[in-house]
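Spelled out, the chains give:
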Amino acid sequence: MTTDSTLAATADAKLAISGDNKLTKEQQLALINVNLAEVLNPEIIEKVIDEGRAPRIYWGTATTGRPHCGYLVPAIKIAQLLAAGCHVIVLLADIHAVLDNLKSTVELVGYRAKYYERTITALLKAVGVPTDKLEFVLGSSYQKSPDYIMDVYKLATLVSEHDAKKAGAEVVKQSDNAPLSGLLYPILQVLDEEYLKVDAQFGGVDQRKLFAAAKDWLPRLGYKERAHIMNPMVPGLQGSKMSSSDPDSKIDLLDAPDVVTRKIRKAEAAPKVTEGNGLISFIEYVLLPAAQLLGKEGFRVDRSRDNLEDLVYTDIVKIKADYESDVLTPQLIKPAISAAINELLVPIQTAFQASPEWQEIADKAYPPEIKVKKEKKVKNKGTRYPGGGGPAKTQEAAAREEATPEPATENA
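Residues numbered from 1 in each chain as written. Predicted model: local features only at pLDDT ≥ 70, side-chain atom pairs only at ≥ 80, totals over all residues. Heavy atoms only, no water.

What about the overall build of the chain?
Along the backbone of the chain there are 16 helices and eight strands. A buried classification covers 46% of the 412 residues belonging to the chain. For the chain, restricting intrachain contacts to residue pairs at least 6 apart in sequence, the fraction spanning at least 24 positions comes to 74%. Of the roughly 22100 Å² of accessible surface on the chain, a fraction of 52% belongs to carbon and sulfur atoms. (Helix = DSSP H or I, 4+ residues; strand = E, 2+ residues; numbered from the N terminus. Buried < 20%, exposed > 50% of the residue type's maximum accessible area, 1.4 Å probe, protein only. Contact = heavy atoms within 4.5 Å. Areas by Shrake-Rupley, 256 points an atom, 1.4 Å probe, with all protein chains shown as cover.)

Thoughts on a nonpolar patch on the surface
Taken together, the side chains of Ile149, Met150 and Tyr153 make up a nonpolar region of the molecular surface, amounting to roughly 300 Å² of accessible area. Given a relative accessible area of 43%, Met150 falls into the partly exposed group. (Patch = residues over 30% accessible without salt bridge, like charges linked within 9 Å, V, L, I, M, F, W, Y side chains within 5 Å. Salt bridge = Lys/Arg side-chain N within 4 Å of Asp/Glu carboxyl O.)

Side note on the sheet that holds strand β4 (residues 134–138)
Each strand in a sheet pairs with another by means of backbone hydrogen bonds, the pair being arranged parallel or else antiparallel. Strand order in the open sheet formed by six strands is β1-β6-β5-β2-β3-β4, with mixed pairing between adjacent strands. Lying at the two open borders of the sheet, with one neighbouring strand each, are β1 (38–40) and β4. When the angles between neighbouring strand axes are averaged without regard to direction, this sheet yields 25°. Note that strand β5 (residues 200–204) and strand β6 (residues 227–231) share five bridges and pair parallel. Across the sheet, Gly203 pairs through a bridge with Met230, a residue of β6. (Pairing = 2+ DSSP bridges. Axes fitted to C-alpha atoms, helices over the stretch in contact; angles between N-to-C directions.)

Let's talk about the pattern of salt bridges
As enumerated under the stated definition, the model contains 21 salt bridges in all. In this structure, Arg66 engages Asp252 in a salt bridge whose closest nitrogen and oxygen atoms are separated by 2.9 Å. In this pair, Arg66 sits in the loop between β2 (56–61) and α4 (72–83) while Asp252 sits in the loop between β6 and α11 (257–266), placing the two residues 186 residues apart along the sequence. Where Arg300 meets Asp310, a salt bridge forms, and the shortest distance between an N and an O atom there is 3.1 Å. One end of the pair, Arg300, is in strand β7 (residues 299–301); the other, Asp310, is in the loop between β7 and β8 (311–313), with ten residues separating them in the sequence. Taken together, the shared-partner salt bridges in this structure form one network comprising Glu51, Arg53, Asp199 and Lys224.

Given below as structure tokens:
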């Protein structure tokens, strides 16, 4: 989407959030499509709007690792969908989480699902979006039903091993001897579209093969085809995808301001390079749209240390141009990003601190790891070691040796 279209969508979002005006079809579609990498079958969403209905769109997430700032990318898109008048369903895929190599118990995943619900709700409220059309659904609430299980069996009959592997190639861990659950994963996600009764599914562009499979597989069972909207993949602080398992590549939503500043300071940001730059991407897909949803003037860069006026940006094109021409340097942009993130996290952290129930859920969902110290094994250094005399004799062996008479020797 062009910069002009993005700015228009931003103005539409402000109108929708304030409730001052009802959005036109064009305004709704602008908000739905802003910053997307690709849309499959957009006519499905257009038809729903023409019928006067709110498009039902779902986004799924397995309740595994602790949510971090990478979740702000889909959260901002969800905020835009809500501002466009869509009914958004967040699928908390607890069964998928349990099946993830059985690393988590059902009870633990249950607490994590509650933590995800509270966190995602707080994220959306932090950017000023009403959540009355936001719905959370546990996967286990319908994925164990007889009808759903029967459809799993049917698709398992209709879909080949090759096609199932292809559909999950970008989202399921691949190995030479992969577990059978890796083949079931795409089938389950495709069926979710039917059982959640949605018009479209939202996800990252890494799920494109799975979304393409859904277009083919669902009609084989007599179910209707859905639209699919995709976010681009946003690099992390170290240039790769943000990961819950790599503390340097992600910022926890409860990190203190000084921790956020330290992590941003350590982030990779080559001067004049915007391609693959995680910080520039974070501004584009999180900080700029968040500021716009909140009705702020834009993304501000403080230049008071150089006795210069602050820079205020309202579109990513200008930011990229200034960064590539070295008007914006890593030394200038990193403090600005830290300040913007910390400001965005304040209402989330305030809500967490004010809720003993949420804190208790967090403790049970992500209990502190107990590191067990490994006992050092005493190595037998052997007789070649200086001063070594071989392994020590046990008392039993020494007693046997004393009780054994010396062998008789023949006289010469």
